[in-house]
Amino acid sequence: MRLSLYLKFILAYIIFGVAGFVAIATISSQLTYSYLVESRSQTLYDEANLIASTYSTVYEGQNISLEESYPQLRAVATFLNAKIWVMNKNGKIIVDAENKRVSDVISDFDPTATGNKSYMVGRYFNSFDEDYLSVSAPITGNFRTYGYVVIHLPMRNVTQSQYHILNIVYITSLIVFLLSMIILIVFQRIVYSPLKKITDGAKAYAEGDLKYEIKVNSNDEMGYLAATLNYMSDKLDDTENYQKKFISNVSHDFRSPLTSIKGYLEAILDGTIPPEMLEKYLNRVIDETKRLTKLTESILSLDSIESVKLNKTNFDINEMIRNTASSFEVQCTSKNITIELIFINVSQYVFADFGKIEQVLYNLIDNAIKFSSQNSSIIIQTSIKKEKLFVSVKDTGIGIAKNEQSKVFDRFYKSDLSRGKDKKGTGLGLAIVKEILQTHGENIDVISTVGIGTEFIFSLPISKEI
């Protein structure tokens, strides 16, 4: 069975946590035992040394009775919860605080058995049935050792204190372990679970499922990342849909003229079209071929706009507008359309790519003429605002419906109102215009009312060198 990274981490944490707890328990037990033995033995030695100094006066010639020290000895023994013996150097018990073993002799008594320490742990030369911490202090007088004061503390008292301290250590360790587990659970909810969802989402996107939604609703970085990936997938899905639509539109726009060409040529070959009508239908074939050529050139133009670097220069936009408008003289004459030019200055220089901006003007004026009615006018006007030149191309044609105005710059898009008049259009003219202006870092807007007309307004940077 395959475990997730988080479960592996939890399992490893539990194993190492248990091992660490056992290690801490073992080390703590040894250190606590050593500390308690050392500290208790020092306390007992201080008491034993104090008592030994009292008994030393006996051997220094002062007339003090041993019986007089019993009450004090018993009080100390009761306070320490210990046994106190006064022994001579041969191991005979002279005074017992409990007065139980007076005159007993420790047969194998050896004062050097403790080595360089003042205490020993055990049954004190087989004197007890359980382990005691036995601390001895010498009784000296006249530069001689006459005996020893020995205090016996049951080791069960020491181990009880050890267990009390260890319980605190164990409880503290357990609390720390539980708190860390809570932190891991919080980590799982805040970090691991969202990260896993994001990973699953990225995998779904890689497999082509761009509609997969990463459901992370937090307001932290994980939530922001998930929202960004969801936004990215939506855009990629839109791009994919756009590509499909683009291919469909290209196929449709190529299929129509190709079908017409194929039909006309087959009709000519099989004799359906009489000889006197050949020229008419051959001209139609040429028109359809021109339409295909125009469509191909428009697609290539779009591609070149995105890939070719702009060649920006300073030029007079007013002169460009005059020249471009004059090139439509034939079309305007045929529909009795007049073009009015309204310039803010006699000359106005801008900094842009001359050829690309000329193409923008050509497409906008061509559209304006195409959708204007007979005996109408087109107004081309310039204005300046905040170091930007704005060019307006306004017609009095059929107009664009409000719900379609945001789509007129999409590739291959044709509004419902324009389909009847724009039979030879490719639907790429305004897309090319927008691509050119966006490449310049500028914008274009449309204002239109059905039955009244349409106005396109675009901006250009004013030249600072002229």
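That block above? That's the structure.
Because the structure is a prediction, the values reported are computed rather than measured. (Residues numbered from 1 in each chain as written. Predicted model: local features only at pLDDT ≥ 70, side-chain atom pairs only at ≥ 80, totals over all residues. Heavy atoms only, no water.)

1. Focus on unusual backbone geometry
Stage number 1. The phi angle at Asn126 is positive, at roughly 60°, despite the residue not being glycine.
Stage number 2. One can find Asn126 in the loop between strand S3 (119–122) and strand S4 (132–141).
Stage number 3. The exposure class of Asn126 is exposed, given its relative accessible area of 68%.
Stage number 4. A positive phi angle is found at Lys386, which is not glycine, with a value near 55°.
Stage number 5. Mapped onto the fold, Lys386 is located in the loop between strand S9 (377–385) and strand S10 (388–394). (Helix = DSSP H or I, 4+ residues; strand = E, 2+ residues; numbered from the N terminus. Buried < 20%, exposed > 50% of the residue type's maximum accessible area, 1.4 Å probe, protein only.)

2. Overview of the pairing of strand S11 (residues 444–449)
Stage number 1. Only one face of S11 is covered, namely the one carrying Ile444, Val446 and Ser448; the face carrying Asp445, Ile447 and Thr449 has none of its residues buried.
Stage number 2. For S11 and strand S12 (residues 453–461), the ladder comprises six bridges, and the chain directions are antiparallel. Note that in S12 the partner of Ile444 across the bridge is Phe458.
Stage number 3. As consecutive antiparallel partners, S11 and S12 are separated by three residues, and within that stretch Gly451 has a phi angle of approximately 85°, a positive value. (Pairing = 2+ DSSP bridges.)

3. Re the pattern of salt bridges
Stage number 1. For the coordinates displayed, the defined rule picks out seven salt bridges.
Stage number 2. A salt bridge links Arg156 to Glu130; the nearest nitrogen and oxygen atoms lie 2.4 Å apart. Taken together, the positions of Arg156 in helix H3 (residues 155–206) and Glu130 in the loop between S3 and S4 put the pair 26 residues apart, joining distant regions of the chain.
Stage number 3. Under the relative-accessibility criterion, Glu130 is labelled partly exposed at 30%.
Stage number 4. A salt bridge links Lys370 to Asp366; the shortest N-O distance between them is 3.8 Å. Note that Lys370 and Asp366 are positioned in helix H8 (residues 354–370) at a spacing of four residues, about one turn of the helix.
Stage number 5. Taking the relative accessible area as the measure of exposure, Lys370 reaches 24% and is therefore partly exposed. (Salt bridge = Lys/Arg side-chain N within 4 Å of Asp/Glu carboxyl O.)

4. A few points about the environment of Leu278
Stage number 1. Structurally, Leu278 can be placed in helix H5 (residues 278–307).
Stage number 2. By relative accessible area, Leu278 is classed as partly exposed at 27%.
Stage number 3. Taking the C-alpha atoms as reference, Leu278 lies 9.5 Å from Tyr264; in sequence the two are 14 residues apart.
Stage number 4. Those residues in contact with Leu278 that lie beyond four places of it in its chain are Ile268 and Ile273. (Contact = heavy atoms within 4.5 Å.)

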